[in-house]
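Observations on the three-dimensional arrangement
The primary structure of each chain is shown beneath.
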Amino acid sequence: MKSHRTDLKNIARRAMVERGLLPDFSSAAMAELARIEAAATDRDSDIRDLTELLWASIDNDDSRDLDQLTVAEPGAGRSVKILVAIADVDALVAKDSALDAHAKHNTTSVYTAGDMFPMLPEKLSTDLTSLGEGQDRFAVIVEMVIAEDGAVLSSTLFRALVRNHAKLAYNSVAAWLAGEASAPERVKAVSGLDAQLRLQDQVAQRLKVRQHQQGALSLETIEPRAVFDGEALTDLRVEQKNRAKELIEDFMIAANQATASYLKGRGMPSFRRILRSPERWQWIVEVAARWGEQLPSEPDAGALESFLIARRKADPLRFPDLSLAIVKLIGRGEYVLARIIHEHFCCNRGFAAATSLRRAGSPLAPSTYCSSTPRTLTAPRARLATRLRDFATNRHE
């Protein structure tokens, strides 16, 4: 009998251990988990009640660890207020607890073909802190006012109580937004949700245009997903991008940038992922020359973006291969302290990239789509800087 799934689980577990990650929760962490019996209910006086807003989640069809909700409100002068709610797992996971220590060590949920190694136990990530439909949950809200041209006019963060009014799936929402299918049943069932989602889609398109004006690149890589029939691996399915996935992606990029601005505005250090000017630019120039395109001798994001757009239009089938080659030649990002970025790094503006970091129980984690929370830093700077450096020694890419 074939046991592909078990074999892949064992390989993934071995890889976790080899890279210094924790595939299992400690007995102390599981004992703490056993004492958590219900969702958080204690409310501080500064927590706002936003349960009446038309919050909805858009995720994979089978997702239960719902960690973000979105909602939009029209503003003055054709601006739109976007609110992104991030599951506040910190409401149940105490700082310096065994659960917090596990999350601090791994910093993210690890997804593999054979198994998923959650940053927090599924009792929390898929239930007691998950932003499930019809459930009132605490969340950290990233509020942004977006102008007609995609610029972020203002932003702030605060805690609130939210309620998911509709659990939606990427593929069905994307098909509806593209005019290829009727509205999903949950969209039809919630009054006003159709107009709400179309407004969010419009704002996401504004943000995307703005990102590319500022140097974002049009890259496309293949993301295969293993398909099992019991224990047997039967297929590899390519995950396709669509408008619903890009909507959430664009909002999360903006939310990360808003979080970074929030911390910077309060003089608090944070951990950022940056991309220096590509060291292998001349190799990228040679790649472009094979298709008769001439790129400048110095790194130029605009010129590279024009080349990529032309190649995707000319040969969409092979474009993911070209994208992968460009990604490798651009190089890997680096994690640095935010205060150091401006003092010691001179990045080519077109290629500079930074994201705020978020993790359960603290702000120290990579920007990933796992149950995680962007938290305000309250620790003294000296202790926080030490934690940031400790985090860096445990981060594996």
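A brief structural summary. A quick note: this is a predicted structure, and the numbers were derived from the prediction, not measured.

Details of the environment of Ser27
- Assignment of secondary structure puts Ser27 in helix H2 (residues 27-35).
- Taking the C-alpha atoms as reference points, Ser27 and Ala98, separated by 71 residues in sequence, lie 8.9 Å from one another.

Points about the packing of aromatic side chains
- Counted by the stated rule, this structure contains one aromatic pair.
- With a centroid separation of 6.4 Å and an interplanar angle of 50 degrees, the aromatic rings of Trp291 and Phe307 are classed as tilted. Pair noted here: Trp291 is in the loop between helix H9 (281-289) and helix H10 (301-314) and Phe307 is in helix H10, with a separation of 16 residues, a long-range link.
- Look at Phe307 and you get buried, because its relative accessible area is 2%.
- The lysine or arginine in question, Arg48, covers the ring of Phe158, its NZ or CZ lying 3.6 Å from the ring centre.
- Against the face of Phe138 rests Arg159, its NZ or CZ located 5.9 Å from the ring centre.

Considering the nonpolar core
- Membership of the largest hydrophobic core comes to 38 residues, with the highest contact counts inside it found for Ile58, Ile82, Val84, Met144, Leu168, Leu193 and Phe251.
- Counting 17 residues, the second-largest nonpolar core is a separate cluster that includes Val285, Leu304, Phe319 and Ile326.

A few points about the packing of helix H5 (residues 170-177) against helix H8 (residues 243-265)
- Close contact between H5 and H8 brings their axes to 7 Å; oriented N to C, the two are set at 105 degrees. With respect to H8, the axis of H5 lies roughly perpendicular. Every residue of H8 that contacts H5 at Tyr170, Asn171, Val173, Ala174 and Leu177 is listed here: Arg243, Ala244, Lys245 and Ile248.
- Residues of the contact of H5 with H8, tallied by class, amount to six nonpolar, one polar and two charged.

Quick word on the pattern of salt bridges
- Applying the stated criterion across every chain, the model contains 18 salt bridges.
- We note a salt bridge from Glu148 to Arg78, for which the minimum N-O separation is 2.9 Å. Linking Glu148 in the loop between strand S7 (136-146) and strand S8 (152-163) with Arg78 in the loop between strand S3 (68-74) and strand S4 (80-87), this pair joins segments that are 70 residues apart in sequence.
- A salt bridge links Asp315 to Arg318, with the shortest nitrogen-to-oxygen separation between them at 3.5 Å.
- The class of Arg318 is exposed, set by a relative accessible area of 54%.

Rules used in this analysis
Residues numbered from 1 in each chain as written. Predicted model: local features only at pLDDT ≥ 70, side-chain atom pairs only at ≥ 80, totals over all residues. Heavy atoms only, no water. Helix = DSSP H or I, 4+ residues; strand = E, 2+ residues; numbered from the N terminus. Phe/Tyr/Trp six-rings, centres within 6.5 Å; stacked < 30°, edge-to-face > 60°. Buried < 20%, exposed > 50% of the residue type's maximum accessible area, 1.4 Å probe, protein only. Lys NZ or Arg CZ within 6 Å of the ring centre and 35° of its normal. Core = buried A, V, L, I, M, F, W, Y, C linked by side-chain atoms within 4.5 Å. Axes fitted to C-alpha atoms, helices over the stretch in contact; angles between N-to-C directions. Parallel < 35°, antiparallel > 145°, perpendicular 65-115°, else oblique. Contact = heavy atoms within 4.5 Å. Nonpolar A, V, L, I, M, F, W, Y, C, P; charged D, E, K, R; others polar. Salt bridge = Lys/Arg side-chain N within 4 Å of Asp/Glu carboxyl O.

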